[in-house]
Amino acid sequence: MTRIDFHSNVPSKIAYACRLARKARNADFRIVILAKDRAQLAELDDLLWTFSEQDFLPHVNMNDALAVQTPILLTDDPAMESPHHQILINLSDAPPTHFARFERMFEIVSSEDTDKSAGRERYSYYKQRGYPLTHFVAENT
């Protein structure tokens, strides 16, 4: 059963996702990051190349020919069919269609009211279905 970790009160969902992806890559995991739309996907793609001078985080769009061999995949399609099934980072507002195919999923929730409300709905959705949930509140510094 997929383990689901909620990280809330996050000041920047995209920067936070980049840090989670770096940590997961350092542990040799394969990652899928689901953005809420194309604009967020483009911002995420740009930041993954530039957010750390010390780290190289190879990534491509889910539809790329190199997706199978690339450790970090990006998509804005909640019904995506992924070659990777270890870690899913969800930046969207709804439960991804195939989240149960992953070993672990991170739900990233910002400090904005609308995002908090959507996060609460997703938390209830998973809880009602019996998924193991943890919650971590990010420190705003």
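Here the structure is shown first, and the text comes after it.
Rules behind the numbers
- Residues numbered from 1 in each chain as written.
- Predicted model: local features only at pLDDT ≥ 70, side-chain atom pairs only at ≥ 80, totals over all residues.
- Heavy atoms only, no water.
- Axes fitted to C-alpha atoms, helices over the stretch in contact; angles between N-to-C directions.
- Helix = DSSP H or I, 4+ residues; strand = E, 2+ residues; numbered from the N terminus.
- Parallel < 35°, antiparallel > 145°, perpendicular 65-115°, else oblique.
- Left-handed = near helix turned anticlockwise from the far one by under 90°.
- Contact = heavy atoms within 4.5 Å.
- Nonpolar A, V, L, I, M, F, W, Y, C, P; charged D, E, K, R; others polar.
- Phe/Tyr/Trp six-rings, centres within 6.5 Å; stacked < 30°, edge-to-face > 60°.
- Buried < 20%, exposed > 50% of the residue type's maximum accessible area, 1.4 Å probe, protein only.

Colleague: Residue-level account of the packing of helix α1 (residues 13-26) against helix α2 (residues 38-50), with values.
Modeller: For the pair α1 and α2, interaxial distance at closest approach is 10 Å and the crossing angle is 50 degrees. Considering the angle they form, α1 stands oblique to α2. In the crossing of α1 with α2, the sense of the turn from one axis to the other is right-handed. Seen from α1, the contacting residues are Ile 14, Ala 15, Ala 17 and Cys 18; seen from α2, they are Gln 40, Glu 43, Leu 44, Leu 47 and Leu 48. Grouping the amino acids of the contact of α1 with α2 by side-chain chemistry returns seven nonpolar, one polar and one charged.

Colleague: An account of the packing of aromatic side chains is requested, with residue identities and associated values reported.
Modeller: Tallied over the full model, the rule gives eight aromatic pairs. Taking the centre distance of 5.0 Å and the plane angle of 70 degrees together, the rings of Phe 99 and Tyr 126 count as edge-to-face. On the criterion of sequence distance, the pair formed by Phe 99 in the loop between β5 (87-90) and β6 (104-110) and Tyr 126 in helix α3 (residues 113-128) is long-range, its members being 27 residues apart. Taken individually, Phe 99 and Tyr 126 each receive the classification buried, so the pair is uniform in this respect. Ring centres 5.5 Å apart and planes at 80 degrees place the aromatic pair Tyr 125 and Tyr 126 in the edge-to-face group. We classify Tyr 126 as buried; its relative accessible area is 0%.

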